[in-house]
Amino acid sequence: MNACVMPLLLALTIPGAKPSTPNLIVILADDVGYGDLGCYGATQVKTPNLDRLAVDGLRFTDAHSAAAVCTPSRYALLTGQYPFRHPAAARILSGIAPLSIPADRLTLPKLLRQANYATGVIGKWHLGLGENETDYNLEIKPGPREVGFDESFVIPATGDRTPCVFVENGRVANYDPADPIRVSYSTKIGDEPTGKENPDQLFNQRPSHGHDGTIVNGISRIGWMTGGRAARWRDEEIAEVITGRAVRFIEAHRERPFFLYFATHDVHVPRAPHPRFRGTSQHGLRGEAIHELDGSVGEILATLDKLHLSDQTLVLFSSDNGGVMDDGYLDGTQDPGSHRCNGRLRDFKGSSYEGGSRVPWIVRWPGHVPAGQVSAELVCHLDLLATMASLTGQKLGTADAPDSFDLLPALLASKPAQPCRERLVTQAGDPTRLAMRDGNWKLIPAGGKQRQAELFDLAQDPAETTSVATEHPEIVARLQALLDRAKTSDRTRR
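Residues numbered from 1 in each chain as written. Predicted model: local features only at pLDDT ≥ 70, side-chain atom pairs only at ≥ 80, totals over all residues. Heavy atoms only, no water.

### Concerning unusual backbone geometry
For the record, the criterion: By definition, any uninterrupted DSSP run of H or I lasting at least four residues is a helix, any uninterrupted run of E lasting at least two residues is a strand, and each is numbered from the N terminus. Categorising residues by exposure relies on relative accessible area from a 1.4 Å probe, with only protein chains included: less than 20% of the type maximum marks a residue as buried, more than 50% marks it as exposed, and the intermediate range marks it as partly exposed.
The step from D266 to V267 runs through a cis peptide bond, and the omega angle for that step is 10 degrees. If you trace the backbone, V267 turns up in the loop between strand 12 (258–263) and helix 6 (284–306). Put simply, V269 and P270 share a cis peptide bond, and its omega is -5 degrees. Within the secondary structure layout, P270 lies in the loop between strand 12 and helix 6. Notably, D31 is not glycine yet its phi reads approximately 65 degrees, a positive angle. Mapping D31 onto the fold places it in the loop between strand 1 (23–29) and helix 2 (48–56). We classify D31 as buried; its relative accessible area is 1%. With phi around 40 degrees, A401 is a residue other than glycine that occupies positive phi space.

### Some points on the packing of aromatic side chains
Going by this rule: The criterion for an aromatic pair is that two Phe, Tyr or Trp rings (for Trp, the six-membered ring) have centres within 6.5 Å, with stacked assigned to planes under 30 degrees apart, edge-to-face to planes over 60 apart and tilted to the rest.
Throughout the structure, instances matching the rule amount to ten aromatic pairs. Look at F149 and Y261: their rings are 6.2 Å apart centre to centre, the planes differ by 20 degrees, and that puts the pair in the stacked class. Of this pair, F149 sits in the loop between strand 3 (118–124) and strand 4 (151–155) while Y261 sits in strand 12, and the two are 112 residues apart along the sequence. Each member of the pair F149 and Y261 is classed as buried.

### Notes on the side chain of T134
This is how the line gets drawn: A 3.5 Å cut-off defines polar contacts: any pair of N or O atoms within that distance qualifies, except that in protein one atom must be a possible hydrogen donor and the other a possible acceptor, and neighbouring residues in sequence count only when both atoms are side-chain atoms. A contact between two residues is defined here by any heavy atoms of the two lying within 4.5 Å.
In this fold, T134 is placed in the loop between strand 3 and strand 4. Separated by 3.4 Å, the side chain of T134 and the backbone oxygen of A97 make a polar contact. Ignoring anything within four residues of it in the chain, the contact list for T134 reads G95, I96, A97, L129 and I140.

### Thoughts on the nonpolar core
Selection rule: Think of a nonpolar core as a cluster: buried Ala, Val, Leu, Ile, Met, Phe, Trp, Tyr and Cys residues, connected wherever their side-chain atoms sit within 4.5 Å.
With 103 residues, the main nonpolar core has W125 and Y261 as its most contacted residues. The greatest single-element share of this core, amounting to seven residues, is contributed by helix 6. Contacts of Y261, omitting those with residues within four sequence positions, involve V26, L28, R74, L77, L78, G120, V121, I122 and F149. If you look at the next biggest cluster of nonpolar residues, it comprises 21 residues, including A76, M436, V476 and L479.

### Here we look at the environment of K124
Inspection of the secondary structure puts K124 in strand 3. The spatial distance from the C-alpha of K124 to the C-alpha of A157 is 6.6 Å, given a sequence separation of 33 residues. When neighbours within four sequence positions are excluded, K124 is seen to be in contact with D30, C70, R74, I155, A157, T158, A263, T264, H268 and D320. Among the polar contacts made by the side chain of K124, one reaches the side chain of D30 at a distance of 2.6 Å.

### Remarks on the sheet that holds strand 20 (residues 454–457)
Operational definition: The pairing criterion for strands is at least two bridges between them, as found by DSSP. Axis lines are fitted through C-alpha atoms, for helices just across the contact stretch, and the angle between N-to-C directions can take any value from 0 to 180 degrees.
Ordered in space as 17-18-19-20, the four strands form an open sheet in which the pairing is antiparallel. Edge positions in the open sheet fall to strand 17 (423–427) and strand 20, since each of these has one partner strand only. Here the strands of the sheet are splayed against their neighbours by 15 degrees on average, with no regard to which way each runs. Judged from the five bridges that link them, strand 17 and strand 18 (residues 434–438) form a sheet pairing that is antiparallel. Within the sheet, the bridge partner assigned to L424 lies in strand 18 and is R437. Strands in contact with helix 10 (residues 473–488) are strand 17, strand 18, strand 19 (441–444) and strand 20; relative to strand 18, the strand with the most contacts, it is inclined by about 115 degrees.

In structure tokens form, the structure reads like this:
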């Protein structure tokens with residue numbers, strides 16, 4: 001355990017001290033970029049609850065997802081392993097893919113359950129369900145329970161993918177056996193209208209690319225489905241439903257330590273915010289979805305206040321990857337206009353550039369995490385597992401969380417004595433496209449459409465406007481060697 005952390009844990013064991021094992025709430029937004037919150041510079045959207053979280057906590061400016069798209073990013077968060085090491089989780093999964101997390105792998109909820117935490121996941125899952133192609137008419141396992149969650153209420157994949165149903169503790173919520181569910185990603189099934197064949201039946205969101213399968217609630221999706229009509233969600237109610245479930249989880253477990261992984265659907269496509277948020281933003285539907293997200297965060301924080309749990313709870317807010325404008329639907333927010341979802345960073349979700357993986361990251365734990373400060377520490381979702389192992393006094397095995405670093409010193413002080421993490425590999429949408437960070441240097445190797453390697457000094461050029469690879473061939477060679485070593489080794493954790 002880090003020497004900086006030991007005095008804190010010792011102090012917290014004295015009578016009357018706050019518990020050394022706080023509740024943990026991880027709020028993982030979807031496709032929220034570095035420039036999408038007021039506390040990160042946004043002016044065309046309003047995020048008072050997230051801004052309050054930043055005022056009361058510590059805001060990071062060099063935080064990253066391990067991948068620039070959702071499935072691999074979420075895999076890394078829960079396992080502490082680079083997703084490129086595990087092909088089953090290295091790409092975006094369909095709604096019928098099997099579970100991508102090996103049952104024998106230590107996960108964040110398993111670790112916390114060992115420390116007597118109640119564990120729950122509510123919201124977007126997108127890590128696969130079942131052993132083979134998912135059958136939504138039966139009990140679905142393995143799934144969240146098998147990777148450590150006591151309770152689950154999840155969107156199986158994404159809002160733009162079939163099936164459009166919630167799965168609660170391994171079974172489709174509101175399932176009607178007289179209306180069985182069939183799902184396909186290879187060929188059309190059933191006779192329900194599709195976006196491709198029946199564009200006149202779409203509401204206000206026409207596909208820009210793909211997304212022209214079965215129409216559900218006036219929105220066409222990726223893939224096709226039939227059945228499950230009583231179980232289908234209403235898009236404009238998703239945030240309200242999952243936020244309500246999150247609040248009830250907190251209320252039900254207020255008497256013991258709990259871990260809530262609250263994975264919002266906002267602001268992923270299709271963006272269909274509740275009517276009360278319509279017309280509230282200068283950034284179109286996407287801005288309204290950001291307002292809805294902020295409202296969900298506000299309800300979580302208000303619940304903690306009401307139950308007098310705020311001081312006992314570590315809240316972490318982040319996003320699964322960088323922001324994106326057009327992600328499959330023409331919903332009026334493709335033109336960045338005066339709002340840049342990733343701020344000054346280059347490119348969008350799926351990219352090797354900073355706009356793909358640098359994300360908002362805010363941590364609040366009153367009395368422990370310094371309030372109202374900003375940290376430039378390099379941190380990643382990967383690091384949650386080692387950090388919580390440190391906080392709960394557990395020792396990781398050699399094979400556990402192989403790429404996770406203990407960030408507790410960075411959480412407890414905005415400027416720790418030494419960096420908790422010096423290097424990071426980030427993955428683009430293509431799992432073969434990896435970038436290497438070492439301090440302020442970043443290498444994007446040649447490959448694919450990238451004809452030449454690019455090197456950036458992020459301290460001087462955070463927007464990655466000018467490659468300096470030709471001026472520093474020795475640094476290119478050093479970072480390439482570090483990347484090759486990370487790829488061929490089975491771990492990077494010290």
